[in-house]
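Letter by letter, the chains look like this.
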Amino acid sequence: MATWLGWTCTAAFLAVAGYAVARLVVACRTPGSGGCHRTVDTAHALMALGMAVMCSPVGGPLPMAGWQTVFLLLTAWFVVRREPVSGWHGGGLHHAVGGLAMLYMLTAVPHSAHAMASPWSPRMAGEQAALPLLGWIFVGYFAVHAARLARVSLRSDTHRVAAGCQGVMAVGAGGMILALL
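Per-chain numbering applies: the sequence of each chain, read as written, is numbered from 1 onward. Predicted model: local features are reported for residues with pLDDT of at least 70 only, side-chain atom pairs are reported and counted for 80 or more only, and whole-chain, interface and lining totals are derived from all residues. Neither water nor hydrogens contribute to the side-chain values; these are computed over all heavy atoms in the structure.

Novice: So, the overall build of the protein chain: which residues are in play, and what are the values?
Specialist: By definition, any uninterrupted DSSP run of H or I lasting at least four residues is a helix, any uninterrupted run of E lasting at least two residues is a strand, and each is numbered from the N terminus. Broken down by element type, the protein chain carries 6 helices and 0 strands. When the helices and strands of the protein chain are placed in sequence order, the string is α-α-α-α-α-α. The buried share among the 181 residues of the protein chain stands at 45%. Whether two residues touch is decided by their heavy atoms; if any such pair falls within 4.5 Å, the residues are in contact. Considering only intrachain contacts with a sequence separation of at least 6, the fraction spanning at least 24 residues in the protein chain is 77%. The classification of residues rests on relative accessible area computed with a 1.4 Å probe and restricted to protein chains. Under 20% of the type maximum is buried, over 50% is exposed, and intermediate values are partly exposed.

Written out as structure tokens, the structure is:
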């Protein structure tokens with residue numbers, strides 16, 4: 001990935017993570033705010049931060065095994081809890097798929113032991129992604145989800161920013177997986 005593109009993607013994903021954290025702060029201060037929305041915003045913050053680290057030209061603070069653990073726990077949480085999330089946000093299954101996609105990005109191509117702590121390259125020279133069909137399924141899933149979010153952001157003034165942030169995540173996740181294939 002070109003350095004300028006890495007920094008641009010890093011900034012976009014950090015902005016999405018910041019927005020998710022801001023929503024968490026507001027939710028914690030708002031009486032009657034549902035726990036499922038806090039869980040979803042926590043998931044968005046973690047996924048956006050993980051994607052920012054993957055794109056960052058300087059790397060991040062956790063080794064790959066740490067990130068794999070974070071996304072495995074996140075996926076398990078959404079599979080077990082199955083909290084209903086209303087409307088276009090996507091339910092527990094959607095967020096579990098997102099966690100699995102993050103795990104796929106981390107494990108589909110062999111990386112060094114400290115890959116997430118150093119600048120990350122989604123494709124090592126000459127390496128092929130494991131289970132490429134699964135990768136293509138994720139790419140298609142995120143493309144459909146991004147199109148759905150684009151419609152939401154164009155039609156709704158109240159949800160435009162949230163849908164836009166989730167759209168950035170969908171396009172980013174699909175694009176990063178596409179780079180693996």
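Novice: An account of the state of the cysteines is needed here, citing residue identities and associated values.
Specialist: Put simply, a disulfide is two cysteine sulfurs that come within 2.5 Å. One pass over the structure, following the stated rule, counts 0 disulfides. Cys-9 takes part in no disulfide bond, and the closest cysteine sulfur to it belongs to Cys-55, at a distance of 4.5 Å.

Novice: Please give an account of empty space enclosed by the protein that cites residues and values.
Specialist: In the cavity and pocket records, a cavity denotes points on a 1 Å grid over the protein atoms alone where a 1.4 Å probe fits but cannot get out, a pocket denotes an open set with protein on both sides within 12 Å along at least 5 of 7 lines, and lining residues are residues with an atom within 4 Å of a point. Grid points are joined across faces, edges and corners, and a volume is the space filled by probe spheres set on the points. Here the structure, examined in full by the defined rule, presents 2 cavities of 30 Å³ or more. Roughly 170 Å³ of internal volume is contained in the largest cavity. Lining the largest cavity we find 14 residues, and of these His-44, Met-47, His-94, Phe-142 and Met-169 sit closest to its centre. Only α2 (35-55), α4 (92-107), α5 (132-155) and α6 (160-180) provide two or more residues apiece to the lining of the largest cavity. In terms of residues, the lining of the largest cavity owes the most to one element, α4, which gives 5 residues. Split into classes, the residues belonging to the lining of the largest cavity amount to 8 nonpolar, 6 polar and no charged. Amino acids outside the nonpolar list (Ala, Val, Leu, Ile, Met, Phe, Trp, Tyr, Cys, Pro) and the charged list (Asp, Glu, Lys, Arg) are all regarded as polar, and Gly is one of them.

Novice: Describe helix α3 (residues 64-81), listing the residues and the values that go with them.
Specialist: Under the convention used throughout, the expected extent of a helix is 1.5 Å for every residue step, that is, one less than its residue count. With 18 residues, α3 extends 26 Å from end C-alpha to end C-alpha; this agrees with the ideal 26 Å at 1.5 Å per step. Taken residue by residue, α3 has Met-64, Trp-67, Phe-71, Leu-74, Thr-75 and Phe-78 as its buried positions. Seen end-on, α3 carries its buried residues on one side only, within an arc spanning 100 degrees. Of the residues in α3, the exposed ones pointing more than 90 degrees away from the buried face are Leu-72, Leu-73 and Val-80. Directions drawn from the helix axis to the C-beta atoms are what define this arc.

Novice: Can you break down the packing of α3 against α4 residue by residue, with the values?
Specialist: Taken N-terminus to C-terminus, the directions of α3 and α4 make an angle of 160 degrees; their axes are 8 Å apart at the nearest point. The orientation of α3 with respect to α4, classified from their angle, is roughly antiparallel. Judged by the sense of rotation from one axis to the other, the crossing of α3 with α4 is left-handed. Contacts between α3 and α4 involve Met-64, Trp-67, Gln-68, Phe-71, Leu-72, Thr-75, Phe-78 and Val-79 from the former and Gly-92, His-95, Ala-96, Gly-99, Leu-100, Met-102, Leu-103, Leu-106 and Thr-107 from the latter. The residue inventory of the contact of α3 with α4, partitioned by class, reads 11 nonpolar, 6 polar and no charged. All axes are obtained by fitting lines to C-alpha atoms, using only the stretch in contact for helices, and the reported angles, taken between N-to-C directions, cover 0 to 180 degrees. The cut-offs work like this: below 35 degrees is roughly parallel, past 145 is roughly antiparallel, 65 to 115 is roughly perpendicular, and the gaps in between are oblique. Helix crossings fall into two classes, left-handed where the near helix is turned counterclockwise from the far one by less than a right angle and right-handed where it is turned clockwise.

Novice: Give me unusual backbone geometry: which residues, what numbers.
Specialist: Of note in the backbone geometry, Leu-131 takes a positive phi value of approximately 50 degrees without being a glycine. One can find Leu-131 in the loop between α4 and α5.

Novice: Outline the nonpolar core, supporting the account with residue identities and numerical values.
Specialist: In this structure, Phe-71, Met-105 and Ile-177 are the most contacted members of the largest nonpolar core, which totals 42 residues. Sorting the residues of this core by element identifies α1 (3-29), α2, α3, α4, α5 and α6 as the ones contributing at least two each. Broken down by element, this core gets its largest block of residues, 9 residues, from α2. By convention a nonpolar core is built from buried Ala, Val, Leu, Ile, Met, Phe, Trp, Tyr and Cys residues, the set being connected through side-chain atoms within 4.5 Å.

Novice: Can you explain a nonpolar patch on the surface? Please cite residues and give values.
Specialist: Patch members must show over 30% relative accessible area and no salt bridge, and they are joined within 9 Å when carrying like charges or within 5 Å when they are nonpolar side chains of Val, Leu, Ile, Met, Phe, Trp or Tyr. Using the Shrake-Rupley algorithm and a 1.4 Å probe, accessible areas are obtained, with residue cover drawn only from the displayed protein chains. Each salt bridge in this description consists of a side-chain nitrogen of Lys or Arg and a carboxyl oxygen of Asp or Glu lying within 4 Å of one another. Where nonpolar side chains cluster on the molecular surface, the patch consists of Leu-131, Leu-133, Leu-134 and Ile-137 and spans about 410 Å² of accessible area. Relative to the elements of secondary structure, Ile-137 occurs in helix α5.

Purely spatial values, then, with no claim about function.
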